[in-house]
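So you can see what is in the structure, the chains are spelled out below.
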Amino acid sequence: MSTPGGSKRNSNMSTPGGSKRNSNVVNIYEEDDNQNHNQIYSHQTPDPLLPEIEPPGLKRHDSLDIESAKIHGHHGHHGTKDWGIILRLAFQSIGVVYGDIGTSPLYVYASTFTDGIKHEDDILGVLSLIFYTITLIPVIKYVMIVLHANDNGDGGTFALYSKLCRFAKVGVIPSEQAEDREVSNFQLELPSKVNTISSKFKKALENSKFAKFCLLFAAMLGTSMVIGDGILTPSISVLSAVSGLKEATDTMTEGRIVIVSVIILITLFMVQRFGTDKVGYSFAPIICVWFALIGGIGVFNFIKFDPSVAKAINPKYIVDYFRRNKKDAWISLGGVVLAITGTEAMFADLGHFTVKSIQISMGCVVYPALITAYSGQASWLRKHQDDVADTFYKSAPDALYWPVFVVAVMAAIIASQAMISGTFSIIKQSLSLGCFPRVTVVHTSEKYEGQVFIPEMNYLLMIGCVIVTVTFRTTENIGHAYGIAVIFAETLTSSFMVVIMLVIWKTNILLVILYVLVISSTEYFYLSSVLYKFGEGGYLPFSFAIVLMFIMCTWNYVHRAKYNYELNHKVPREVIKDIVSDTSISKMRGLAIFYSELAHGIPPIFKHYVDNVPALHSVLVFVSIKSLPISRVAPEERFLFRRVKPNELYVFRCVVRYGYTDVRNEKDSFEKILIEHLKEFVETDYRAPEEQNRRVADEDLVVLDKSWRAGVVHLVGEHEIVSKSGSSIGKRFLIDYAYNFMRKNLRQSSSVFEIPHKRMLKVGMTYEL
């Protein structure tokens, strides 16, 4: 139905896949750049022929929500109240989320008592530390607080950063458009209360360039630590599980254990390219068996050896432990912190599940199993203090040795798999936000859209795991490095949470202070301990982080500088009109698509192209690829069109918007989807009376169809990025060497949308930054 204003409401548009959905293309008309940049006319303005207020009880559902509801564990489930779905997701989450923290009992006591047990009650002190650490960090911090800071169902460091970017203007790339806020899931549900401290803090963040860069730096540092986790988790998990072979035979030396571990690790990484379809249902039963085994053995040992360890619930034993051991007790915290490895995965993998499903699986299965496992090991250690180095396998009953060993190896592989998959996912997020060089992202499952595989990173992770395993050889040595990576990522999450509580949630300042004093201070206390072992392997995650931060910061720095260069050198509207109207420039049939990342205006490469090739196609479309600080953009809200006046020029601008978890390689070609949305835009582009509107729109559609059939040419900028003369040595090194090395050796922008090489024309231009 067309309104007098020429806009269409609920027009049935056939998508490339053949389905019908409510069309929601936003129509924007190009005006003078000096008049508030652009005047926006959206077909979502009040319609006199349709009721303005939706009937009560009816809620708009985007097609993405309907489609994703068919995908287990995705956003279609995040508002569900169906307990059948919630319980199924809780079961699946056990296999995906908890493999890492579930395998911690393999090595925690051995890593804590590296010099042996000096006093019988030290066991109670460490057990009390483990109990309160697991209760405070995974349960209270993550399950009860952090999970609620999700970004439309997605979790992780970049999700927190994106959430802040939407609420406060803290983004560092000036590509924000007013109409971005009309995207259905862009707005946040905010408390209505007014908070003076919150307003002042938000204003301070927005006015401080330093604060903006600190937030971005923290997000990238958190990502670097998680990627470091992706190297250390497989190494320590597999090595600790395989080391159980020493109990079966004396011929299994340390060297042979390392060799077996390396073989398992290489095999694990080599099969990554096949994906992990049905990952939840495949892994959950194994991890459930694992939790049943360690929980059951824990109960058995608790009853058989020393039930009195239950008194460790009294924190007095922690105080006594520090009084007796002083500095050694503080150093031993580096082993205790390994009990909460993988906790960050609960939040990072939230996109596959729901908050309630994670809470149920943690509270009903994981937490009880872990507490009983550690309590059972403590009971056993009270009678076998000299065997602390091999606590896990020696505390298991002899009849259960082989079942425990087999399940332990499988659980270690699953824990490694989950961490590797999480690493791929977080790299994909940082890639979408311009914080990581272009790499190949392969979606390994049509049904489970969150599963991705990145070949380049897979091989780098494999090489890193093998080197770490061969070099460090024991779980004790790797544990020093592992602890730093774990606790550092968690302290960064806490820092983001403090900002979110102040700025977005508008939490009472006293509660924020309580969070900092109880949770953040505990994490920093652990961090101080693991840093003590910096020279004994603790330098490893920092080495990874320095390399990754250099890559990410270099790429992001040049990405921002390049965007600002295009913004400052964009082609004015008057120049576009003169170029297209110039009779000395040859006109040819067909449609030309120019690609760039500039969301505001026409990129300078267009004028450079015309100056060197004085010929233009009959229809020009300037496509800008833009990432929004949200997890997903619904397909019907993805394309944002503008038309350069006068209409006879047939020059269009299009901003294609994606969220940081969106799939960019659709089943249908990007070209086909773009043309179909462009046609729909043309149909609603006129605000003349109905009859004239229809006639002129039909004429434009004929021109578009003829141009499309005549042939489409894709023009992609092949920019040579160089530092301008007079630049400092550091800037020249970053741009001329580091950035250009990465750009030439990684994925090209043309491959993102699978542009046909036969119809692609690369336009070279030098940018002096």
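See the structure printed just above.
Quantities reported herein were computed from a predicted structural model and do not represent experimental measurements.

Focus: the overall build of the chain
Looking only at helices and strands, one finds 26 helices and eleven strands in the chain. Among the 769 residues that make up the chain, the fraction classed as buried is 58%. Residue pairs at least 24 apart in sequence account for 82% of intrachain contacts in the chain once pairs closer than 6 positions are excluded. When the accessible surface of the chain is totalled, it reaches about 31500 Å², and 60% of it is carbon and sulfur.

Observations regarding helix α26 (residues 729–745)
Note on helix geometry: an α-helix contains 3.6 residues per turn, so any two residues three or four positions apart are oriented the same way. If you check α26, its first and last C-alpha atoms are 23 Å apart, about what 17 residues at 1.5 Å a residue would give, namely 24 Å. At Tyr-739, α26 shows its strongest bend, of approximately 30°. Burial in α26 covers these residues: Ile-735, Ala-738, Tyr-739, Asn-740, Met-742 and Arg-743. Elements in contact with the buried residues of α26: α21 (539–568) and β10 (712–722).

Some thoughts on the nonpolar core
Among the nonpolar cores identified, the biggest contains 168 residues, and Tyr-98, Tyr-109 and Phe-291 are the most heavily contacted of them. If one sorts the elements of this core by residue count, helix α19 (residues 475–503) sits on top with 18 residues. Ignoring anything within four residues of it in the chain, the contact list for Tyr-98 reads Ser-93, Phe-291, Met-346, Ile-358, Ser-361, Met-362 and Val-366. Counting residues in each nonpolar core, the second largest holds 30 residues, with Val-571, Ile-579, Tyr-739 and Met-742 among its members.

Things to note about unusual backbone geometry
Even without glycine at this site, Lys-506 takes up a positive phi of about 55°. As for its position among the elements, Lys-506 is in the loop between α19 and α20 (509–532). Despite not being glycine, Tyr-650 shows a phi value in the positive range, around 55°. Turning to its location among the elements, Tyr-650 is positioned in the loop between β8 (639–643) and β9 (651–658).

Things to note about the pattern of salt bridges
Per the stated rule, a full pass over the model turns up 17 salt bridges. Salt-bridge contacts for Asp-387 lead to Lys-394; the nearest nitrogen and oxygen are separated by 3.5 Å. Residue class for Lys-394 comes out partly exposed when judged on its relative accessible area of 33%. Where Asp-611 meets Lys-607, a salt bridge forms, and the shortest distance between an N and an O atom there is 3.4 Å. Here the residue Asp-611 and the residue Lys-607 both occupy positions in helix α23 (residues 605–612), the gap between them amounting to four residues, near one helical turn. Residue classification places Lys-607 among the partly exposed residues on the basis of a relative accessible area of 35%. Salt bridges linked by common partners bring Asp-121, Asp-306 and Arg-382 together as one network.

Points about a nonpolar patch on the surface
Together, Ile-197, Ile-509, Leu-510, Leu-511, Ile-513, Leu-514, Leu-517 and Val-518 make up a nonpolar patch on the protein surface, roughly 720 Å² of accessible area in all. Of all the elements, α20 adds the most residues to the nonpolar patch, at seven residues. By the element assignment, Val-518 lies in helix α20. Taking relative accessible area as the criterion, Val-518 reaches 36% and is therefore assigned partly exposed.

As for helix α12 (residues 316–325)
Within the span of α12, buried status applies to Tyr-317, Ile-318, Asp-320, Tyr-321 and Asn-325. Seen end-on, α12 carries its buried residues on one side only, within an arc spanning 165°. Following α12 by one or two positions, Lys-326 adopts a phi angle in the positive range, close to 50°.

Details of the packing of helix α10 (residues 254–270) against helix α18 (residues 455–472)
Look at α10 against α18: their axes get within 10 Å of each other, and the N-to-C directions meet at 175°. Viewed along their axes, α10 and α18 adopt a mutual orientation that is roughly antiparallel. Where α10 approaches α18, its residues Val-258, Ser-261, Val-262, Leu-265, Ile-266, Phe-269 and Met-270 are matched on the opposing element by Asn-458, Tyr-459, Leu-461, Met-462, Cys-465, Val-466, Thr-469 and Val-470. Each residue belonging to the contact of α10 with α18 can be placed in one class, and the counts come to twelve nonpolar, three polar and no charged.

Here's the deal with the packing of α12 against helix α13 (residues 327–336)
For any two helices packed against each other, one specifies the crossing angle of their axes together with the interaxial distance. Packing of α12 against α13 brings their axes to within 5 Å, and their N-to-C directions diverge by 120°. With respect to each other, α12 and α13 are oriented oblique. On the side of α12, the interface is formed by Tyr-321, Phe-322 and Asn-325, while α13 contributes Lys-327, Asp-328, Ala-329, Trp-330, Ser-332 and Leu-333. Considered class by class, the residues forming the contact of α12 with α13 number five nonpolar, two polar and two charged.

Side note on the side chain of Asn-740
Of note, Asn-740 is situated in helix α26. Classification of Asn-740 as buried rests on a relative accessible area of 7%. A distance of 2.7 Å separates the side chain of Asn-740 from the backbone oxygen of Ile-735, its partner in a polar contact. Excluding anything up to four places from it in sequence, Asn-740 contacts Ile-721 and Ile-735.

Some points on the pairing of β8
Along β8, five of the five residues are buried, which leaves the element largely enclosed by surrounding structure. In this sheet, β9 lies alongside β8 in antiparallel orientation, the contact comprising five bridges. The partner of Phe-639 across the bridge, within β9, is Val-656.

Here's the deal with the environment of Ser-430
With respect to the secondary-structure elements, Ser-430 resides in helix α17 (residues 401–432). Classification of Ser-430 as buried rests on a relative accessible area of 0%. Not counting residues within four places of it along the chain, the set of residues in contact with Ser-430 comprises Phe-158, Thr-223, Cys-435, Phe-436 and Met-552. A polar side-chain atom of Ser-430 sits 2.9 Å from the main-chain carbonyl oxygen of Ile-427.

How each quantity is defined
- Residues numbered from 1 in each chain as written.
- Predicted model: local features only at pLDDT ≥ 70, side-chain atom pairs only at ≥ 80, totals over all residues.
- Heavy atoms only, no water.
- Helix = DSSP H or I, 4+ residues; strand = E, 2+ residues; numbered from the N terminus.
- Buried < 20%, exposed > 50% of the residue type's maximum accessible area, 1.4 Å probe, protein only.
- Contact = heavy atoms within 4.5 Å.
- Areas by Shrake-Rupley, 256 points an atom, 1.4 Å probe, with all protein chains shown as cover.
- Expected span 1.5 Å × (residues − 1).
- Bend = angle between axes of the 7 residues up to and from the residue.
- Core = buried A, V, L, I, M, F, W, Y, C linked by side-chain atoms within 4.5 Å.
- Salt bridge = Lys/Arg side-chain N within 4 Å of Asp/Glu carboxyl O.
- Patch = residues over 30% accessible without salt bridge, like charges linked within 9 Å, V, L, I, M, F, W, Y side chains within 5 Å.
- Arc of directions from axis to C-beta.
- Axes fitted to C-alpha atoms, helices over the stretch in contact; angles between N-to-C directions.
- Parallel < 35°, antiparallel > 145°, perpendicular 65-115°, else oblique.
- Nonpolar A, V, L, I, M, F, W, Y, C, P; charged D, E, K, R; others polar.
- Polar contact = N/O pair within 3.5 Å; in protein donor to acceptor, adjacent residues only side chain to side chain.
- Pairing = 2+ DSSP bridges.

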